[in-house]
Amino acid sequence: MTYAITQTCCSDATCVAVCPVNCIHPTPEERAFGSTDMLYIDPKACIDCGACADACPVDAIFPVESLTGPRKEYAALNAAYYEDGDAAEAEAAAAAGPGAAAEAEAAAEPVAARSADHGPNFHAWGEPSFSRVLPSDFAPLRVAVVGTGPAGMYAAQDLLLHTDAEVTLVDRLPVTGGLVRYGVAPDHPATKKVGETFSRFHDHPRVRMYLGLDVGEDITTEELAAHHDAVVYAVGASADRRLAVPGEDLPGSLSATAFVAWYNAHPEVAPDAIDLSAERVVVVGNGNVALDVARILLADPDALARTDIADHALAALRAGKVREVVLLGRRGPEDAAYTVPEMLALKHLPGVDLVVDDHDPRIGEAIETAGPKGKAAILGDVPRRSVDWTLPPEDGRRIVLRFHSAPAEVLGDDRVRTVRTENAAGTRDIPAGMLLRAIGYRGARVADLPFDETAGTIPHEAGRVVGRPGTYVVGWIKRGPSGGIGANRTCAAETVGTLLADAVAGALPAPSPAHGAKAFHRLVRRRTTHLVDARGLGAIERAETARGAADGRPRVKLATVGELVAASKRRSRWGLAR
């Protein structure tokens with residue numbers, strides 16, 4: 001019996017580190033890492049030890065024999081990754097040079113042949129590397145991490161596990177989590193479990209937490225830097241890209257970013273911000289966020305009622321009239337931006353039909369000629385037919401994939417009524433009452449830090465902010481909105497490595513002795529009365545889970561800043577938050 005990695009893979013490679021037979025790929029050392037949809041287990045090399053399943057932070061790894069329903073497809077998906085894999089790897093290595101070719105040839109040997117000279121382990125372990133450490137006599141660094149999403153927490157974790165640094169966690173919201181809390185779809189609870197991995201650091205003895213503190217509003221970047229040896233900005237990409245077409249700002253046209261924040265109870269999106277009175281919704285984009293949006297719009301509300309979806313969103317979905325979601329993709333199915341696991345989930349959405357609009361001959365050709373590893377191959381069993389857009393949505397619920405189709409104009413008087421699309425054959429009007437753009441996130445400027453308007457990122461060199469000694473970036477604000485949760489682990493390792501190298505080289509500005517931890521605490525207390533610390537965060541957690549327990553749900557999120565701050569301050573008669 002072998003193991004297989006399934007949909008919720010976060011690709012942070014924790015499993016790779018514990019595998020004794022090197023059967024999980026791509027590893028962080030391989031060029032393909034970060035560019036594949038997920039990680040894969042080689043069924044021919046797996047020895048059924050279960051170490052990967054025990055280490056997985058998102059419960060994505062299972063014995064193949066235990067897979068049921070849609071999960072069964074992942075056994076073949078894992079195996080398919082290794083078909084002709086040795087030949088492809090050797091070819092790529094040969095192109096890279098003789099040394100790489102030799103490594104590929106060694107990697108292609110049977111496991112038993114490689115293990116003979118290495119004792120009980122089945123593959124040779126490399127020399128240990130301690131690149132992210134400080135000398136033993138080095139004074140503890142004080143590092144502020146701005147942003148408590150995956151990128152910031154991977155950076156904090158790296159600092160806490162590899163050094164004796166003191167970490168100040170800062171977030172403008174009264175709770176931690178970033179995109180884990182406010183970006184992951186509520187029907188993906190396993191993905192959210194990575195937050196449990198990070199939560200163990202919230203009350204770490206070398207961590208001080210200041211939630212509800214806005215850098216740039218409550219304190220300046222200079223004040224934050226003056227009280228710390230270094231500052232790491234992990235503020236993500238909070239803005240979204242625009243379509244730049246006429247009518248884009250009509251009521252009923254909004255970003256998928258806002259919609260996702262709405263159903264996840266983000267306190268900066270009003271409960272009544274979304275109108276679901278239309279029968280047809282057009283979503284521009286075919287990445288994972290677009291698929292999330294389509295799935296949530298059409299999923300059974302009774303199924304969503306067992307998740308942590310916002311109460312106001314659940315009520316609106318129950319009362320809403322949406323029956324059809326059209327996903328517009330500028331390119332063909334072979335170039336779709338979604339990952340295979342997310343499309344598999346969409347194909348198996350109960351009570352929802354999936355259809356490919358066969359309006360362009362290139363679509364069918366791409367699907368029918370796709371190789372087993374091609375992105376279009378997954379649509380081979382999905383019905384294809386020409387859709388008559390002059391008719392209202394059919395009975396039932398369905399998602400229509402319309403490739404080779406781009407928005408040209410949004411039409412309507414007082415709100416969105418029609419989305420005009422264009423392709424090589426001309427234009428086509430699709431009647432719709434809502435348009436959601438899901439064409440990517442974009443970073444936003446951070447106070448007075450340098451900013452690349454074109455890329456939407458902060459200019460850096462291996463994480464070091466250009467022209468700002470002691471200032472660093474990690475995550476999407478560093479590399480742009482690419483890569484999932486796990487990609488932030490290697491991103492954080494690079495940034496932390498740069499920071500520590502600068503510390504050893506004496507390149508960090510020294511904070512004034514008068515600007516210690518106590519001075520910083522007094523400063524922020526003067527600036528805002530709505531701070532939440534680790535104890536307050538625990539009180540919020542207990543309040544939300546208690547509300548959820550009453551309804552048979554994992555939690556019911558508090559949806560406003562006022563509610564969150566009030567919950568953080570509830571005390572028991574012993575003076576402890578509860």
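Engineer: Got a minute to help me understand the sheet that holds strand E17 (residues 418-423) in this structure?
Structural biologist: Strand pairing in a sheet relies on backbone hydrogen bonds, with the paired strands running either antiparallel or parallel. Strands sit in the order E16-E17-E18 across an open sheet of 3 strands; the sheet is antiparallel. In this open sheet, the two strands that pair with only one neighbour each are strand E16 (406-411) and strand E18 (426-431). The average angle at which neighbouring strand axes cross in this sheet is 25°, direction not considered. Inspection of the sheet shows E16 paired to E17 by 5 bridges, in the antiparallel sense. The residue of E17 that forms the bridge with valine 410 is valine 419.

Engineer: Mind showing me how you'd approach the environment of aspartate 353 here?
Structural biologist: Note on placement: aspartate 353 falls in strand E13 (residues 352-357). Between the C-alpha atom of aspartate 353 and that of glutamate 544, which follows or precedes it by 191 residues, the distance is 34 Å. With sequence-adjacent residues up to four places away left out, aspartate 353 is seen in contact with Arg397, Arg398 and Ile399.

Engineer: What's the story with the packing of aromatic side chains in this structure? I'm lost.
Structural biologist: Think of a pair of aromatic rings as described by two things: how far the centres are apart, and how the planes are tilted against each other in angle. Under the counting rule described, the total for this entry stands at 7 aromatic pairs. Between tyrosine 441 and tryptophan 476, the ring centres sit 5.4 Å apart and the planes meet at 45°, which makes this aromatic pair tilted. One end of the pair, tyrosine 441, is in strand E20 (residues 441-442); the other, tryptophan 476, is in helix H18 (residues 476-479), and 35 residues separate them in sequence. For the pair shown, tyrosine 441 and tryptophan 476 are each scored as buried. Each member of the aromatic cluster is reached from another via a ring pair, and the members are Tyr40, Tyr81 and Tyr82.

Engineer: How do you make sense of the environment of arginine 553 when you look at a structure like this?
Structural biologist: On the secondary structure map, arginine 553 appears in the loop between helix H21 (534-550) and helix H22 (561-568). Overall, arginine 553 belongs to the buried group, its relative accessible area being 7%. C-alpha of arginine 553 to C-alpha of leucine 304: the two residues are 249 residues apart in sequence and 9.7 Å apart in space. Once you skip the residues sitting within four places of it in the chain, arginine 553 turns out to touch Ala305, Arg306, Thr307, Asp308, Ile309, Asp311 and Gly548. Only 2.8 Å separates the side chain of arginine 553 from the backbone oxygen of threonine 307, close enough to count as a polar contact.

Parameters at a glance
- Think of each chain on its own: its residues are numbered from 1, step by step along the sequence as written.
- Local features in this predicted model are restricted to residues of pLDDT 70 or higher, and side-chain atom pairs are both shown and tallied only at a pLDDT of 80 or more, whereas totals for entire chains, interfaces and linings draw on every residue.
- With hydrogens and water stripped out, all remaining heavy atoms of the structure feed into the side-chain values.
- What makes two strands pair is DSSP finding at least two bridges between them.
- The way it works is that DSSP assigns letters per residue, a run of H or I at least four long becomes a helix, a run of E at least two long becomes a strand, and they are numbered from the N terminus.
- Angles run from 0 to 180 degrees between N-to-C directions of axes, and those axes are lines fitted to C-alpha atoms, restricted for helices to the stretch in contact.
- Whether two residues are in contact is decided by their heavy atoms: any pair within 4.5 Å suffices.
- Planes of paired rings set the category: under 30 degrees apart is stacked, over 60 is edge-to-face and the rest tilted, where pairs are Phe, Tyr or Trp rings (Trp by its six-membered ring) whose centres lie within 6.5 Å.
- Each residue is placed in one exposure class: buried if its accessible area under a 1.4 Å probe, protein chains only, is under 20% of its type's maximum, exposed if it is over 50%, and partly exposed if it falls in between.
- Polar contacts here mean pairs of N or O atoms no more than 3.5 Å apart (in protein, one a potential hydrogen donor and the other a potential acceptor; neighbouring residues in sequence count only if both atoms are side-chain atoms).

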